[in-house]
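# Examination of the molecular architecture
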Amino acid sequence: MAVEKFEAVVESVAGLKVSCKSRGFEFFLDEPKSLGGTNEGMNPVEALLNSLGACKVIVAKSFARLHKMKINSIRIELEGELDTDGFMGKNPEAKIGFSKIITNFYIDADNTDDEIAAYVDFINRTCPVADSLENAPEMVSNIIK
């Protein structure tokens, strides 16, 4: 079994804005002003949707030749439904995270509709981010001083 570790360091910058770093790359997440942020970056749930979409596009492009797919272009649009009353503590019955994520694939390929549909099924089964969301990993939290 080949297990590879991926690492991230997330640090508060100011207010709700955070720095996100991995492998020498950095980007910032924030919240919209309406939620107390400065709107200087997408928020974490938007980043999660983008990570899921990016993973699916990367899977699609990486395995296209193997599956004899001739993809001319691919775009994925995602929409997540989240009841903000859950994480805001206003409704203890509401789910805190997404209750539904919808993925819309826009694929221009020199393949039949059935081949494209089968390939989308493969993409959804093979995407590590989708798998992590659908089959939650063990979560461990450590407090280190």
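Under the annotation held in an unreviewed UniProt entry, the protein chain carries the name Peroxiredoxin and is attributed to Vagococcus fluvialis.

Looking now at the nonpolar core. Core analysis: the biggest nonpolar cluster contains 18 residues, and Met69, Ile71 and Tyr119 have the highest contact counts within it. Contributions of two or more residues to this core are made by helix 1 (44–63), strand 4 (71–81), strand 5 (100–109) and helix 3 (113–126). Here this core takes five residues from helix 3, the largest share from any one element. Aside from chain neighbours lying at most four places away, what touches isoleucine 71 is Ala60, Ala64, Asp108, Ala109 and Tyr119.

The residue asparagine 39 is not glycine, and still its phi comes out positive at about 60°. By the secondary structure assignment, asparagine 39 is in the loop between strand 3 (25–29) and helix 1. For lysine 68, which is not a glycine, the phi torsion comes out positive at approximately 55°. Residue placement: lysine 68 occurs in the loop between helix 1 and strand 4.

The next subject is the environment of threonine 112. By the element assignment, threonine 112 lies in the loop between strand 5 and helix 3. For threonine 112, a relative accessible area of 43% corresponds to the partly exposed category. Expressed as a C-alpha distance, the spacing of threonine 112 and methionine 69, which sit 43 residues apart in the sequence, is 9.6 Å.

Reading guide: rules and limits
Residues numbered from 1 in each chain as written. Predicted model: local features only at pLDDT ≥ 70, side-chain atom pairs only at ≥ 80, totals over all residues. Heavy atoms only, no water. Core = buried A, V, L, I, M, F, W, Y, C linked by side-chain atoms within 4.5 Å. Buried < 20%, exposed > 50% of the residue type's maximum accessible area, 1.4 Å probe, protein only. Helix = DSSP H or I, 4+ residues; strand = E, 2+ residues; numbered from the N terminus. Contact = heavy atoms within 4.5 Å.

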